[in-house]
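Here's the letter readout for the chains.
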Protein chains: 2
Amino acid sequence: MEQLDREIVELLVKDGRMSYTDLGKATGLSTSAVHQRVRRLEQRGVIKGYTALIDAESVGLAMTAFISVKPFDPSAPDDIAERLAGIEEIEACHSVAGDENYILKVRVATPTELELLLARVRSVAGVSTRTTVVLSTPYEARPPRL
Amino acid sequence: MEQLDREIVELLVKDGRMSYTDLGKATGLSTSAVHQRVRRLEQRGVIKGYTALIDAESVGLAMTAFISVKPFDPSAPDDIAERLAGIEEIEACHSVAGDENYILKVRVATPTELELLLARVRSVAGVSTRTTVVLSTPYEARPPRL
DNA sequence: TCTGAAAAAATGTAAGA
DNA sequence: TCTTACATTTTTTCAGA
């Protein structure tokens with residue numbers, strides 16, 4: 001990817017609402033030029049979307065946990081990710097190398113909700129789980145170096 | 001938190017670049033009313049910022065991994081998160097309950113970079129590490145139910 | 001792929017209920 | 001805390017290099 005596109009992406013990761021006018025000033029391009037580039041980056045799927053970063057606690061999602069998941073029947077075809085996709089508490093699902101097959105990142109309000117969620121995960125996907133509760137998050141969603 | 005604020009937050013999580021005009025139409029408020037509410041949500045820290053969601057592969061960060069971290073000397077005061085804060089490859093740092101003290105989410109370009117990163121993490125923070133490599137990510141950064 | 005121009009739309013501020 | 005009004009800024013499109 002081109003240097004100019006890298007700069008634009010980096011700026012939009014740091015501030016997803018930055019105006020094309022300001023992006024132009026920061027990159028030395030005209031407003032229309034950055035605008036065109038951003039559109040292309042979106043079309044190519046380099047930029048997948050934009051989101052507001054939320055303080056989970058203040059919207060009532062005080063508990064975060066990582067759930068490692070392993071199928072009861074390892075010989076069955078693996079459709080675990082699809083089966084779990086409908087569970088909205090799951091923020092992310094990663095297929096991983098190692099003892100377990102997937103790591104899920106989940107957010108809930110209370111320990112009771114986590115308990116219910118674990119039961120749902122196990123029954124929906126036919127998996128055993130190992131749960132790591134997050135106590136605090138010193139930092140998260142930091143912009144990568146491009 | 002009020003229902004109207006929840007709606008606004010939910011909309012901005014789904015589309016961080018949504019205009020105040022459209023937010024107004026979606027919530028039944030005037031443009032300036034949503035504008036004021038969004039400003040208050042930002043000031044209160046409910047909305048921490050805005051970001052573009054990037055396809056990591058297309059910017060050359062093809063490897064994601066979770067690194068679980070445990071201090072060599074568990075009796076030493078825990079400043080691990082601060083010590084690691086300077087390492088830009090670390091996207092997130094969570095303090096967790098369980099066998100290990102922290103889980104880091106990192107992004108790098110190659111296995112060699114991961115190897116070098118692990119050495120840096122260990123020496124900077126005085127920790128042992130256990131690394132889980134992500135093979136693929138079925139989904140990530142899904143908007144929560146509010 | 002860029003620039004510059006111009007119309008259309010959104011933002012930001014203020015007055016008033 | 002809301003609305004309406006309005007000046008300012010930004011977005012968006014397009015012709016041309």
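Further up the page is the structure itself.
Residues numbered from 1 in each chain as written. Chains lettered and ligands numbered in written order. Predicted model: local features only at pLDDT ≥ 70, side-chain atom pairs only at ≥ 80, totals over all residues. Heavy atoms only, no water.

### Concerning the protein's contact with DNA strand C
Part 1 of the reasoning: Contacts to DNA strand C come from 14 residues, most closely from A:Ser30, A:Ser32, A:Arg37, B:Tyr20 and B:His35.
Part 2 of the reasoning: Backbone atoms, meaning sugar and phosphate, make up 64% of the atoms of DNA strand C lying within 4 Å of the protein.
Part 3 of the reasoning: One nitrogen or oxygen atom from the side chain of A:Arg37 is found 2.5 Å from a phosphate oxygen belonging to DNA strand C.
Part 4 of the reasoning: Elements supplying a minimum of two residues to the surface near DNA strand C: α3 (31-43) of chain A together with α2 (20-27) and α3 (31-44) of chain B.
Part 5 of the reasoning: Among the elements that make up the surface near DNA strand C, the one with the highest residue count is α3(A) (five residues). (Near = heavy atom within 4 Å. Polar contact = N/O pair within 3.5 Å; in protein donor to acceptor, adjacent residues only side chain to side chain. Helix = DSSP H or I, 4+ residues; strand = E, 2+ residues; numbered from the N terminus.)

### Brief notes about the protein's contact with DNA strand D
Part 1 of the reasoning: Lining the immediate surroundings of DNA strand D are 15 residues, of which A:Tyr20, B:Ser30, B:Ser32, B:Arg37 and B:Arg40 lie closest.
Part 2 of the reasoning: Taking B:Arg40, its side chain carries an N or O atom lying 2.6 Å from a phosphate oxygen of DNA strand D.
Part 3 of the reasoning: Within the residue set of the surface near DNA strand D, elements represented by two or more residues are α2 (20-27) and α3 of chain A together with α3 of chain B.
Part 4 of the reasoning: Residues belonging to the surface near DNA strand D are distributed by class as follows: three nonpolar, eight polar and four charged. (Nonpolar A, V, L, I, M, F, W, Y, C, P; charged D, E, K, R; others polar.)

### Some details on the side chain of A:Glu100
Residues and elements named next belong to chain A.
Part 1 of the reasoning: With respect to the helices and strands, the residue Glu 100 is situated in the loop between β3 (90-96) and β4 (102-108).
Part 2 of the reasoning: Among the polar contacts listed, one links the side chain of Glu 100 to the side chain of Arg 130, at a separation of 2.8 Å.
Part 3 of the reasoning: Non-local contacts of Glu 100, meaning those with residues more than four positions away in its chain, are made with Ser 68, Val 69, Lys 70 and Arg 130. (Contact = heavy atoms within 4.5 Å.)

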